[in-house]
Amino acid sequence: MIQAILVFNNHGKPRLVRFYQRFPEEIQQQIVRETFHLVLKRDDNICNFLEGGSLIGGADYKLIYRHYATLYFVFCVDSSESELGILDLIQVFVETLDKCFENVCELDLIFHMDKVHYILQEVVMGGMVLETNMNEIVAQIEAQNRLEKSEGGLSAAPARAVSAVKNMNLPEIPRNINIGDINIKVPNLSQFV
Amino acid sequence: MVVPLLKLQDLIEEIRRAKTQAQEREVIQKECAHIRASFRDGDPLQRHRQLAKLLYVHMLGYPAHFGQMECLKLIASPRFTDKRVGYLGAMLLLDERHDAHLLITNSIKNDLSQGIQPVQGLALCTLSTMGSAEMCRDLATEVEKLLLQPSPYVRKKAIPTAVHMIRKVPELSDIFLPPCAKLLHERHHGILLGTITLIMELCERNPAALRHFRKVVPQLVQILRMLVTTGYSTEHSISGVSDPFLQVQILRLLRILGRNHEESSETMNDLLAQVATNTDTSRNAGNAVLFETVLTIMDIRSAAGLRVLAVNILGRFLLNSDKNIRYVALTSLLRLVQSDHNAVQRHRPTVVECLRETDASLSRRALELSLALVNSSNVRAMTQELQAFLESSPLDLRADCASGILLAAERFAPTKRWHIDTILHVLITAGAHVRDDAVANLTQLIGGAQELHAYSVCRLYSALAEDISQQPLVQVAAWCIGEYGDLLLEGSCEEVEPLQVEEEEVLALLEKVLQSQMSLPATRGYALTALMKLSTRLRGDNNRIRQVVSIYGSCLDVELQQRAVEYNTLFRKYDHMRAAILEKMPLVERGGPQVDEEAKESKEAVQVSKAAAPVPTEPQASKLLDLLDLLDDTPEDAQHPPPLDPSPGGTLVHLLDLPCALPPPAPIPNLKVFEREGVQLNLSFTRPPGSPALLLVTVTTTNSSEGDVTHFICQAAVPKSFQLQLQAPSGNTVPAWGGLPITQLFRILNPNKAPLRLKLRLTYNHLGQSVQEIFEVNNLPVETWQ
């Protein structure tokens, strides 16, 4: 079973924190910090497996991590998971993020934290691997996004439109266009409705 | 006043702009205040935005509990956007310990039964993450219905939810067992993956389920075979291997089902061989499948050839350049070392190679495995390797390595000298990390190896002369030098280069230990005692020793001060006893509570005083009484030396063996108490010297007649103030013509020293008659009760 999934950057700032076992808030933050310190000490050419820290549970738990550019993806698992399998799972997750965000980078994770959670929910559920087929996951996410957009469109569109126009900088409409002796009167169009 | 509401992105921007922690906190606190206000009376349409912001802030570690009720409201809303964020909030903020979590049960129920598919998915996801036992019980039937729904998406999500429910409420297994068989026929990989996990969970909890699912082994074999043999499919393949996740899960389940079951194991044999040989191992996915196959082969009742293949695969992986593969190989070998020890032994050289890895995780695994592989034939080589590792290992592994080496040495040491050498080496290299009983073990070992005393003391002396900082080493060395200092000075050890040591050097070294800042109080104690012992071993005069001892008489450490004062007294008043008291120690008993220097000495003191305890009027007690006076430390008596000539009770030297040998008591005469037609009863008495209130009576029944005595029973009675215990007789038949007599032991306890009275009752068959006799024993000798 997967106990926790943590994503943080090279300075330890958390980008995604998901626990599948109940820990109080302060312990959660402590675990993130402790994991970061453990993982930071590792060179790049040694194995991706670490015995877990003291907080997250006893001798049975391992940290399996991968380092992508500025981000660490850390899965904390117990002995019932295949270590090499989890390495592949991390890869699947990252590739899925890549597909959903079009060349994902850290900023995408920062500004769309909730979307990352939704994607993760399609891959891992309740600490168990749910789906590893990237196309299926991406299809689901896109369907859900469309649903949200259509909902958001129906009810929020007027409000959004009004605020959009208020902020728009319309150029001054000339009341009278004088070109020589032709005098065209421009009708008084009311504000855009 | 309407405050413009920040979108999530804007908030994040602002937080990132904050340059210090304090600024960030300020921004967040301000925003949280807005969020709280908005929750109270803001636009319900914007609520999901507020919650999203709150969740972000929560991830950074700030308190967000006031959003819990909002989650409930959002979940209850009909909009998908709201539900999405609401459920996410529920998963992140709510849990079993908050009472609020039960309130979402109703919403989940509605969503599960009436929601659209994505909503059902959300509800299932939330339930599987934070569902408590009560929630699971309430919603079990809903989830069960969803297991059989047409939509694969929902079914796929319902299965892990079922697993979670079973984990929380094991009784629900009964509900979820029947659908499994049907689900296995699915083609959708996600469903299959979940189903296999579900079956594994059911089998692990319930042996009946295990037996039930053995029937599906052929089906599983079929699925796996299809996965392995169908060509490249873009759908689920990872670097060329079709759905390795599903393959691994199937192999796991096969392992559980085939364990200890011949029939199932046989069904799997071919397939496992096929997977083991055909899987492409150039990429991680293939290796994952291969590992799982190897573990399964080793766990079930597989053919011997297959097992050999499996272990060889593991051996090959140990040589792989990829560190991850080696790590997993070491872990798997560790699991196998108990069951297939010989097979793993073959790979010992490679394992030992891994000890030299710079990677801490790998070297830790290699250490565990190496320690498990030590046996009597390879102990020398392995210990060498492990000692080399000890010198270069990181600090956190040192303690484990040191105790591992010591344990292995204890179990498999080929010779005592090798054992002593090994322990010595460990103490020198990693003295600070050894366990506390290493010192006691080593002293006991050295004490027991008579022939190695000279060797040990020479080596320890050289080691100590080099370095006095490793406390366990110093303690052992000090003890040894104290005990065998004379051997050291002789310098007669053949095995080490002859060491010319002067008395002054030895004393100087011990003094250095005493005065060093690095020495613990216990170590100082050892050193002081060693100095004292040397006073009898060395030939020179003892002025230097006396000086040191008297200095420590005013030491601030109470333990040292006490020792020094006692030793001082030994020098001044009881010089004649010094040699005897400081003689070589007898061998310490192993096991039981830790016996170290101080405990032994205090034991001696206690025993000496016990020996002098008042003994009832024994004629030889006068000499012992003199001793009593001495120990009471009355100054006037101490002037005249007490007689040292051996008294029957034992010499002073024997004070150290206990209990003190008291003179044997005068024997009490036997008594004939009964005679009838050739059957005689005799009593013999013993009063053991250690317990004055106890009387042991042996009743002997003899038969000189021509008929056998059978069914002989003897019973006894004593006055109330006595305690009587009858032990079982040696038999109940005495053959005729002086055959083997019956003996029976009575134990009579007479704490008040009252006059003994004894009544006996006999029943037996003799010469065709049954005889019963009751009589009181007269003429009991006075010594039996005085």
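Identification of chain B as AP-1 complex subunit gamma from Ictidomys tridecemlineatus is taken from an unreviewed UniProt entry. In its Sequence similarities (unreviewed entry) section, the UniProt record describing chain B reads: "Belongs to the adaptor complexes large subunit family."

Chain A carries the name AP-3 complex subunit sigma-2 in an unreviewed UniProt entry, which gives Marmota monax as its organism. Comment text from UniProt for chain A, heading Sequence similarities (unreviewed entry), reads "Belongs to the adaptor complexes small subunit family."

Caption draft 1: Structural detail: the pairing of strand β5 (residues 694-703) of chain B. Residues and elements named next belong to chain B. β5 sits mainly inside the fold: seven of its 10 residues count as buried. Bridging between strand β4 (residues 679-686) and β5 involves eight bridges; their strand directions are antiparallel. Among the inter-strand pairings, Q680 is bridged to a residue of β5, identified as T702. As judged from the eight bridges shared by β5 and strand β8 (residues 742-749), these two strands associate in the antiparallel manner. From the neighbouring strand, L695 faces β8, where its bridge partner is I748.

Caption draft 2: Representation of the interface of chain B and chain A in the model. Contacts between the two partners involve 65 residues from chain B and, on the opposite side, 61 residues from chain A. Where chain B abuts chain A, roughly 5,700 Å² becomes buried across the two surfaces, and 56% of that area is made up of carbon and sulfur atoms. Across the contact surface, chain B and chain A share five salt bridges. Note that E24 of chain B is salt-bridged to K13 of chain A, the shortest N-O span being 3.8 Å. Taken together, the connections running from chain B to chain A amount to 16 residue pairs in polar contact (both at pLDDT 80 or more). Ranked by the residues each element gives to the side of chain B that touches chain A, the list is headed by helix α9 (residues 152-168) of chain B, at eight residues. Within the side of chain B that touches chain A, the residues separate by chemical class into 31 nonpolar, 16 polar and 18 charged.

Caption draft 3: Geometry of the side chain of R252 of chain B. Residue position: R252 of chain B is located in helix α15 (residues 244-258). With a relative accessible area of 13%, R252 of chain B lands in the buried category. Apart from the residues lying within four places of it in its own chain, the contact partners of R252 of chain B are S80, E81 and S82 of chain A together with M200 and E292 of chain B.

Caption draft 4: Spotlight on helix α25 (residues 416-430) of chain B. With 15 residues, α25 of chain B should reach 21 Å at 1.5 Å per residue; the first-to-last C-alpha distance of 21 Å fits that figure. Elements that come into contact with the buried residues of α25 of chain B comprise α23 (379-392), α24 (395-412), α26 (437-448), α27 (453-466) and α28 (471-490) of chain B.

Caption draft 5: Local environment of unusual backbone geometry. Positioned with a positive phi, E102 of chain A is a non-glycine residue whose angle comes to about 60°. If you trace the backbone, E102 of chain A turns up in the loop between α2 (83-101) and α3 (106-111). Even without a glycine there, the phi angle at N260 of chain B is positive, about 60°. Summarising the element assignment, N260 of chain B is placed in the loop between α15 and α16 (262-278).

Caption draft 6: Layout of the sheet that holds strand β10 (residues 769-777) of chain B. Residue and element names in this part refer to chain B. Taken in spatial order, the three strands line up as β6-β9-β10 in an open sheet, and their pairing is antiparallel. Strand pairing shows two members of the sheet lacking a second neighbour, β6 (709-717) and β10, which therefore form its edges. Looking at each pair of strands side by side, their axes are set apart by 10° on average, direction ignored. As paired strands, β6 and strand β9 (residues 758-766) are joined by seven bridges and run antiparallel to one another. Looking across to β9, one finds that V709 is bridged to H766.

Calculation notes
- Residues numbered from 1 in each chain as written.
- Chains lettered and ligands numbered in written order.
- Predicted model: local features only at pLDDT ≥ 70, side-chain atom pairs only at ≥ 80, totals over all residues.
- Heavy atoms only, no water.
- UniProt positions renumbered as here; feature names shortened; annotations may be inferred.
- Buried < 20%, exposed > 50% of the residue type's maximum accessible area, 1.4 Å probe, protein only.
- Helix = DSSP H or I, 4+ residues; strand = E, 2+ residues; numbered from the N terminus.
- Pairing = 2+ DSSP bridges.
- Contact = heavy atoms within 4.5 Å.
- Buried area = accessible area lost by both parts, 1.4 Å probe.
- Salt bridge = Lys/Arg side-chain N within 4 Å of Asp/Glu carboxyl O.
- Polar contact = N/O pair within 3.5 Å; in protein donor to acceptor, adjacent residues only side chain to side chain.
- Nonpolar A, V, L, I, M, F, W, Y, C, P; charged D, E, K, R; others polar.
- Expected span 1.5 Å × (residues − 1).
- Axes fitted to C-alpha atoms, helices over the stretch in contact; angles between N-to-C directions.

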